[in-house]
Amino acid sequence: MTLIGWIQILIFALVILAVTKPIGIYMFRIFEGDRQPLPRFFGPLERLTYRLCGVDPQEQQEWKQYSVAMLLFSAITLLVTYAIERLQHVLPLNPAKLGPVPADLAFGTASSFTTNTNWQAYGGESTMSYLTQMAGLAWHNFISVGVGIGVMLVIARGLTYRLQPGAPRTVGNFWVDLNRSVIYLLMPFSVVVALVLVWQGVLQNFSSYVDVTTLEGAKQTLAMGPTASQIAIKQLGTNGGGFFNVNSSHPFEGGTPLANFLEMVAILAIPAAQTYMYGLMARDTKQGWTLFGAMAILFFMGVTTAYYFEAKPNPVMQGLAVDQTAGNMEGKEVRYGVANSVTWATATTDASNGSVNSMHDSFNPIAGLVPLLNIQLGELIFGGVGAGLYAMLVFVLVAVFIAGLMVGRTPEYLGKKIESREVKLAMLYVLIFPLIILYFSGWSAVAPYSLSSLNNNGPHGLSEILYAFSSAAGNNGSAFAGLNANTPWYNVTQGLTMLMGRYLMMIPVLAIAGCMVGKKAVPESLGTFPTNGTLFVVLLVGVVLIVGALTFFPALALGPIVEHFVALAGKVY
Amino acid sequence: MADTRLKDRSLFDPEIMWPAIWESFRKLAPRHVIKNPVMFVVEIGSVLTTLIWLRDMIAPAPGSQPLWWTFNVSFWLWFTVVFANFSEAVAEGRGKAQAATLRKMRQETNARRLRNGKGEEIVRASALRKGDTVVVEAGEIIPGDGDVIQGIASVDESAITGESAPVIRESGGDRSAVTGGTKVLSDRIVVRITASPGESFLDRMIALVEGATRQKTPNEIALNILLAGLTLVFLFACVTLVPMALYSGMSTVSVTVIVALLVCLIPTTIGGLLSAIGIAGIDRLLRKNVLAMSGRAVEAAGDVDTLLLDKTGTITLGNRMATEFIPVDGISAESLADAAQLSSLADETPEGRSIVVLAKEKYGLRGREVTEIGAHFIPFSAETRMSGCDLDGRRIRKGAADAIAAHVSELGGAVSSQIEGITHGISDSGGTPLVVSDGNKILGVIHLKDVVKGGISERFERFRAMGIRTVMITGDNPRTAAAIAREAGVDDYLAQATPETKMRLIKEEQAKGKLVAMTGDGTNDAPALAQADVGVAMNTGTQAAKEAGNMVDLDSNPTKLLEVVEIGKQMLMTRGVLTTFSIANDVAKYFAIIPAMFMTVYPEIAPLNIMHLASPQSAILSAVIFNAIIIILLIPLALRGVQYRPIGAGPLLARSLLIYGVGGVIAPFIGIKLVDLVLEAVGLV
């Protein structure tokens, strides 16, 4: 570890801290304000959309209506994408004359983009036509984010609204939330970020590929394309699907240190800002900062561990003629080095982003455990846009319930009592996640048709399997690589895992909101369990780590943990 | 009748212990264990490991674990369930002991039922129905719950209250309720039966203390769901470990080891003690002589936000007392005291007696016999609103200021100008002024004061620290009420209260989302008692009040509400700390079991065995034994409850987190290591 490395990590954290409040206020005005920001500019576009779609923006939905709208919308967009993939050979904009995408891959990919996962089991240029890329996939980079924001808004409203007795228990309007998140938040932010990236040398053109002769005299073909605009939404929307195959480690995707830095900031900016918006909704910004605090502690725990272990030499290369003073540089860009690589790896898995600027597969075992565990904790360390906050709020409810009893009252959060129905739904949420990951990982660890996809065996192979399903269930999308995922088994199971990890977990969240929104809020007193402050931050971190990580500990013990000890003993698989 | 209370029973009374031990084995029956999902999983695990042990004994499979080890694991798994059952049995045993005594009272008695105007007939008490009227005379047992509709009698209720002094029961008013099984000591009363057999107060009390009607409280249900959820999560983690272990090169995965891991990870500590905590909560109330009609009520008591307290009897001693003599117009304090004493000698009201006492204590005036000194006592009448005596031509009177003023003017005297100032001053401070006159001359004023109970303001201070608001309910005028409220330190008061305003106050508080607790005894309290979330009826109160409340205080002590709230909080806290403890324990158990499990395929994992446990077998067995024993060790805590400290929720939470959260992480490291050392010392591993 170096001082300059730590300074970069700290600057990154400070910038995230700095943007949290302003973006949070902006988001609050978009979704909860009486008047949306910049009405002259965005207003007409918003109203036009409502008119075209026949949506009455004044109409309010109860949680069930909201859920139906959200699920229907997702199902239809999933089917549309699947259809485009399967029919791309008869559809226009297919100059390369690519055939239809195979059914299993088409399903896996459609699920991947609909669920904001952006797991890619294919090479884009050799599989997907331009129409598929644009109308089938890129579009999801915006709307799948909108769906996540919608669900987050619903639970935030459920917890913070104080309804009059007898008032309808409405939680918002799905179409309005979706529309506003795209028009007011994602589109303008993407434009700004894209322009800055272009300034920093990230490609944005429609040129044909360029053949060059390198300094060493070799011939090389440089891929071109409208990169910056893609990168912007890929980072901002915690999507993560790269324009180029090596994602943000590609010089045309990340290029300069500043571009790399800005892309990292773009991963966590909106998820961090959500906490402040939530604080405003709760009429107590300390509530938001408390969540931010817990997330920040978990972020630092991850980045410190990863940095510490990654700054160490790779034990496998000990004794070889390799200079390892800079740490384990395998699979890293020299211009980023260890510090920027582990920070990115931590951020991209804290949030359900999944873009990479280094290869997680090549990390030292414990450093590689960090991204894996980040995902397995439930993508709640800032987390995905929308998804991160609602995941954390579910854990808040669990923490309040467990510890709240300790002050001698029925646990309550923001004055609302947490009763058996909410506990049931929260536990359902907590249950589904490890269930799907462990179930499919366990199966894949013994079935011959899945084992044939592995490039490594031994504990590292198990880490790869665990990572693949964790990434899918967590809707992260990053890969540990080393695993050929484009097989019927992985396409189908990954597709199912992504859908379950998204929608089976959203339903309990929406239902909790439905239960909580109509509850009477008890005024705060000295006897009230404090959920805003250092103590709760510590408690929340403890519950996230114990409830979230204990489930995976046995599996992790057989993967990265044992690999660490085995590698120290000089054994290689 | 025997004292049925359990106040003096120690936590592990042999009378309770032995049946409890028997009971804890009887409760191994699956139909009982299935009610507790966590323990049911442990029981299935015990059956599985026992079967494996039997199989290995008959035909050992290659590579199976040693017989002694499998036996030990399954033995301790069985005992994990037994220990959990034991905790419940001990908790129930305390109630059962009490129920047995109560049941003796329900001995079959005969009743003298009145036929419609045609004399009486002898019937079995069990044949009585609601609405029947019976006659009970001295020496007879009252055959059922009812209201006295005729007569007055002293009744021995010690069977229920444990209080040996007889109480008066009379028709009409708030002392008309009688309880079946109590004994009439004097006189004759006619009782209208208000409960059919099997529904009487005594029956309900027996069912409650026995736990027969015990239903899970809302909070307990929610906690059970959480525990079941965690159990499921760990079940997945353990089951899916099998294919992953096979992948890692283990030839076989021992089911015994997987079961041991599972049982250690699922929250058995809280799962085993949960039901005992609930029963013990009701039991603790019972030992305070408060009968909770449901566990739900006890839980609600912990959540109370607002306490409504009757002024009289709860906050003040109940009667106004003379505290000061204030002479006017140069009269000496002694002569005022003397006149005041004379006027009150034959006055048997508490106020009158307190005047005599004050005169004696402050001015050394001894009590005199009215008849001895030849005084003629004038009793208080609503007409004159004065009382006093005529002695040697002196006409000494005391009474309300305006009554005495009228009396003095009538006799041609003048009303002192000082009087008005003094009486207003007294009224403003919450007291009552009594003016004393001798003939046509006013001597001075007696200050009668509502005396606030000692230590009461400290108690309210405690409540404020808990975040509970106290509201004093009084029939006094707002000025008096404010003064007393200030002195007692309550947060708010409701003056000139009527049943209607009281009801309105409760509803207002509830509309704000608050939980309200109150005490009451009269029939007119019944609607409010029913409306309140926690309604504690006094045992001396009417049947209607007792029916409406969800707790009955057998001692009829309104201050008890404060203890009720603390017991409710204690019950919730005990659940919380044991849950936290149970979950925190898992960290150490992982460090014991995981290295032990995988040592064979990955010997490099040895550094994870940070406790340096003797061998893989010892590690797993130690974790299982610790997991079982901790249940027994925590039974006293579960039954007694953790101590509640009114230090505010934040510090309280920090304290509990430190002791049971951090402590819960550390304790099993030490415990498992100790068990391991013992196993090694006895040469078992």
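Because the structure is a prediction, the values reported are computed rather than measured. (Residues numbered from 1 in each chain as written. Chains lettered and ligands numbered in written order. Predicted model: local features only at pLDDT ≥ 70, side-chain atom pairs only at ≥ 80, totals over all residues. Heavy atoms only, no water.)

S.K.: Tell me about empty space enclosed by the protein, and please be specific about residues and values.
M.R.: Residue and element names in this part refer to chain A. Per the counting criterion, the structure on display carries 7 cavities of 30 Å³ or more. Approximately 130 Å³ is the volume attributed to the largest cavity. Lining the largest cavity we find 15 residues, and of these Ala387, Tyr429, Gly474, Asn475 and Gly501 sit closest to its centre. Contributions of two or more residues to the lining of the largest cavity are made by helix H14 (387-404), helix H15 (420-446) and helix H18 (488-517). Put simply, the second largest cavity is a space of about 110 Å³. Along its surface, the second largest cavity is lined by 15 residues, and Leu377, Phe395, Val430, Phe433 and Pro434 are the ones closest to its centre. (1 Å grid on protein atoms, 1.4 Å probe; cavity = no way out; pocket = protein on both sides within 12 Å on 5 of 7 lines; lining within 4 Å. Points joined across faces, edges and corners; volume = space filled by probe spheres on them. Helix = DSSP H or I, 4+ residues; strand = E, 2+ residues; numbered from the N terminus.)

S.K.: Report on the pattern of salt bridges, specifying residues and quantitative values.
M.R.: Counted by the stated rule, this structure contains 37 salt bridges over all chains. Between Glu412 of chain A and Lys417 of chain A there is a salt bridge, with the nearest N and O atoms lying 4.0 Å from each other. Like Glu412 of chain A, the residue Lys417 of chain A is buried in the burial classification. In this structure, Arg464 of chain B engages Glu461 of chain B in a salt bridge whose closest nitrogen and oxygen atoms are separated by 2.9 Å. One end of the pair, Arg464 of chain B, and the other, Glu461 of chain B, are both in helix H17 (residues 456-466), 3 residues apart, so they sit about a helical turn from each other. A residue is classified by how much of its surface remains accessible, and Arg464 of chain B, at 27% relative accessible area, is partly exposed. (Salt bridge = Lys/Arg side-chain N within 4 Å of Asp/Glu carboxyl O. Buried < 20%, exposed > 50% of the residue type's maximum accessible area, 1.4 Å probe, protein only.)

S.K.: Go over a nonpolar patch on the surface with me, naming the residues and quoting the values.
M.R.: Together, Leu658, Ile659, Val662, Ile666, Ile670, Leu674 and Leu677 of chain B make up a nonpolar patch on the protein surface, roughly 640 Å² of accessible area in all. Residue position: Leu677 of chain B is located in helix H25 (residues 649-681). (Patch = residues over 30% accessible without salt bridge, like charges linked within 9 Å, V, L, I, M, F, W, Y side chains within 5 Å. Areas by Shrake-Rupley, 256 points an atom, 1.4 Å probe, with all protein chains shown as cover.)

S.K.: Could you give me a rundown of the nonpolar core, with the residues and numbers involved?
M.R.: Burial of nonpolar side chains together is a common tendency in soluble globular proteins. In terms of nonpolar packing, the biggest core is built from 315 residues, with Tyr413 of chain A together with Leu307 and Met551 of chain B touching the most fellow members. Looking at this core, the element that brings in the most residues is H14 of chain A, giving 16 residues. If you look at the next biggest cluster of nonpolar residues, it comprises 21 residues, including Ile331, Ala339, Val436 and Ile446 of chain B. (Core = buried A, V, L, I, M, F, W, Y, C linked by side-chain atoms within 4.5 Å.)

S.K.: So, the interface of chain B and chain A: which residues are in play, and what are the values?
M.R.: Reports of interface size often rely on the accessible area that becomes lost once the parts have come together. With 65 residues of chain B at the contact, the number on the chain A side is 63 residues. Of the roughly 5200 Å² buried at the junction of chain B and chain A (both faces included), carbon and sulfur atoms supply 78%. Ranking the residues of chain B by area buried against chain A places Met244, Tyr247 and Leu653 of chain B at the top, with a combined share of 15%. For the pair chain B and chain A, the interface holds 1 salt bridge. (Contact = heavy atoms within 4.5 Å. Buried area = accessible area lost by both parts, 1.4 Å probe.)

S.K.: An account of the sheet that holds strand E8 (residues 183-184) of chain B is needed here, citing residue identities and associated values.
M.R.: Residue and element names in this part refer to chain B. Spatial ordering of the open sheet is given by E6-E5-E8, a layout of 3 strands whose pairing is antiparallel. Looking at strand neighbours, the two that pair on one side only are strand E6 (167-170) and E8, the edges of this open sheet. Bridge analysis of strand E5 (residues 152-156) against E6 gives 4 bridges, and the strand direction is antiparallel. Paired with Val155 across the strands is Val167, a residue of E6. (Pairing = 2+ DSSP bridges.)

S.K.: Pulling in residues and values, what's your account of the environment of Thr519 of chain B?
M.R.: Residues and elements named next belong to chain B. Turning to its location among the elements, Thr519 is positioned in strand E20 (residues 516-520). In this structure Thr519 comes out as buried when scored by relative accessible area, which is 3%. The residues contacting Thr519, other than those within four sequence positions of it, are Leu308, Asp310, Lys502, Leu529, Val536, Met538, Pro558 and Leu561.

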